[in-house]
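Geometric and topological summary
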Amino acid sequence: MRSTSFDAAVLETCVSAAVAAPSIHNSQPWRFRLDPETVTFHVRVAPGGGLRHTDPEGRALHLSVGACVLNLRVAMTHFGWDPVTQLLPCPEEPDLLASVRPTEPAPSGPRRGDSDLYGAVWRRHSSRFPFSDRPIPPSLRVELAAAAGAEGAWLRFPEHAETARLLALTADGEQRNRLDADRSTESRRWVCGDPYAQADTGLPWAALGPQDSRERLPMRDFTAQRHPDRLPARVYETAPVIAVLTTEHDRRTDWLRAGQALERVLLVATAHGLRASLLHQAMEWPDLRESVTPGPDHAHMFVRLGYGPEGPATPRRAARTVRDARAVSG
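Residues numbered from 1 in each chain as written. Predicted model: local features only at pLDDT ≥ 70, side-chain atom pairs only at ≥ 80, totals over all residues. Heavy atoms only, no water.

Our next topic: the packing of helix α5 (residues 138-149) against helix α9 (residues 252-271). Geometrically, a packed helix pair is captured by the angle between its two axes and the distance between the axes. In contact at an axis separation of 8 Å, α5 and α9 are set at 150 degrees when each is read in the N-to-C sense. Comparing the axis directions of α5 and α9 gives the class roughly antiparallel. Viewed along their axes, α5 and α9 form a crossing whose handedness is right-handed. Between α5 and α9, the residues in contact are Glu143, Leu144, Ala147 and Ala148 and Ala261, Arg264, Val265, Val268 and Ala269, respectively. Tallied by class, residues from the contact of α5 with α9 come to seven nonpolar, no polar and two charged. (Axes fitted to C-alpha atoms, helices over the stretch in contact; angles between N-to-C directions. Helix = DSSP H or I, 4+ residues; strand = E, 2+ residues; numbered from the N terminus. Parallel < 35°, antiparallel > 145°, perpendicular 65-115°, else oblique. Left-handed = near helix turned anticlockwise from the far one by under 90°. Contact = heavy atoms within 4.5 Å. Nonpolar A, V, L, I, M, F, W, Y, C, P; charged D, E, K, R; others polar.)

Printed below as a string of structure tokens:
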């Protein structure tokens with residue numbers, strides 16, 4: 001599909017696609033500004049964006065923004081443009097995390113793969129529910145790893161013993177978060193207490209999912225209470241498939257690249273009918289994060305993958321509310 005002009009409707013759709021990306025606690029810590037002269041999207045940290053206690057360094061914030069940048073690129077490609085992306089384009093503006101400019105595609109046309117992922121942007125939801133024990137084909141694992149590689153990251157699938165160790169680290173991080181008064185209070189603030197509340201951020205009760213009755217899979221308890229009446233226990237998959245997302249370096253640009261790689265992996269998984277949820281608890285504690293990988297690479301996320309129920313949609317801010325007042329909408 002090729003748009004003849006970058007008009008207001010296309011702008012609105014591209015921003016909506018970006019906003020559909022996952023973010024820590026569904027905080028949606030981004031804002032967008034369009035430079036009318038160069039038709040460049042500037043992606044910034046939203047005022048007050050981020051979680052001060054859970055994510056003091058802003059690692060998860062950068063991953064979240066990276067994911068929204070990938071969606072923005074996919075949408076531009078869908079409309080026939082070739083997006084040119086710069087990460088941290090202006091050192092004097094630390095809250096400006098990326099710029100994305102649509103350009104005319106090469107004679108060979110835009111990247112077909114990105115355009116094919118456009119439909120998955122709208123279908124992707126985290127699923128914190130039990131998966132089946134149906135195996136993921138080796139060819140699909142290779143494709144998911146290639147998706148991460150296309151964004152300068154690595155995705156590896158550890159064997160059973162290593163998976164058990166990583167889940168133990170996750171359980172440790174989960175317990176620490178629950179016992180930390182500041183983090184647990186912060187987490188609860190992002191849970192929508194009223195299932196009928198019209199909130200545009202945070203997590204409704206329906207999206208939280210249950211807890212593993214066998215306590216093998218440490219799903220995040222956003223309520224930080226482990227209350228059986230609020231989060232009932234169910235039996236989860238016997239052998240969880242956990243993929244580890246890493247990068248060679250650990251700079252802010254690498255966090256943004258990891259976010260783009262994560263979202264590309266999630267979109268490819270969605271396109272193939274896989275469900276996914278994110279296990280980030282171990283990444284929120286420096287000693288646990290550093291113990292994830294024995295080599296020189298740096299871990300950013302555990303991705304749980306499998307076949308199972310589609311997760312419920314979580315609320316999103318309307319595109320008009322995340323555009324800077326100085327943005328031009330066509």
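With five of six residues buried, strand β2 (residues 40-45) lies mostly within the body of the structure. Both strand β1 (residues 30-35) and β2 contribute to a ladder of six bridges, which runs antiparallel. In the sheet register, arginine 31 faces β2, and the bridge partner there is arginine 44. Direction of pairing for β2 relative to strand β4 (residues 96-103): antiparallel, over a ladder of four bridges. (Buried < 20%, exposed > 50% of the residue type's maximum accessible area, 1.4 Å probe, protein only. Pairing = 2+ DSSP bridges.)

Pairing in this open sheet of four strands is antiparallel, and the strands run β5-β10-β12-β11 from one edge to the other. Two strands bound the open sheet, and with one partner strand each, they are β5 (154-156) and β11 (275-279). Between one strand and the next, the sheet's axes are offset by a mean angle of 30 degrees, whatever the strand orientation. Here strand β10 (residues 241-247) runs beside strand β12 (residues 298-306); their pairing, made up of seven bridges, is antiparallel. Looking across to β12, one finds that threonine 246 is bridged to alanine 299.

What follows is about unusual backbone geometry. With phi around 55 degrees, histidine 25 is a residue other than glycine that occupies positive phi space. Position of histidine 25 among the secondary structure elements: in the loop between α1 (8-19) and β1. The backbone of glutamate 215 sits at a positive phi, close to 55 degrees, despite the residue not being glycine. Locating glutamate 215 in the fold gives a position in the loop between β8 (211-212) and β9 (233-234).

Applying the stated criterion across every chain, the model contains two aromatic pairs. Ring geometry for phenylalanine 79 and tyrosine 118: centres 6.1 Å apart, planes at 75 degrees, overall edge-to-face. Here phenylalanine 79 is found in the loop between α2 (59-78) and β3 (82-87), whereas its partner tyrosine 118 is found in helix α4 (residues 118-123), with 39 residues between them in sequence. Accessibility expressed as a relative area gives 7% for phenylalanine 79, which makes it buried. Relative to tryptophan 122, the ring of tyrosine 118 lies with its centre 5.8 Å away and its plane at 80 degrees, an arrangement referred to as edge-to-face. Residue tyrosine 118 and its partner tryptophan 122 are both found in helix α4; the two are separated by four residues, about one turn of the helix. Through a chain of ring-to-ring contacts, the aromatic side chains of Phe79, Tyr118 and Trp122 assemble into a single cluster. Here the basic side chain of arginine 183 rests over the ring of tryptophan 285, its NZ or CZ set 3.8 Å away from the ring centre. One Lys or Arg, arginine 304, reaches over the ring of phenylalanine 131 and ends 3.6 Å from the middle of that ring. (Phe/Tyr/Trp six-rings, centres within 6.5 Å; stacked < 30°, edge-to-face > 60°. Lys NZ or Arg CZ within 6 Å of the ring centre and 35° of its normal.)

These values are about where atoms sit, not about what they do.
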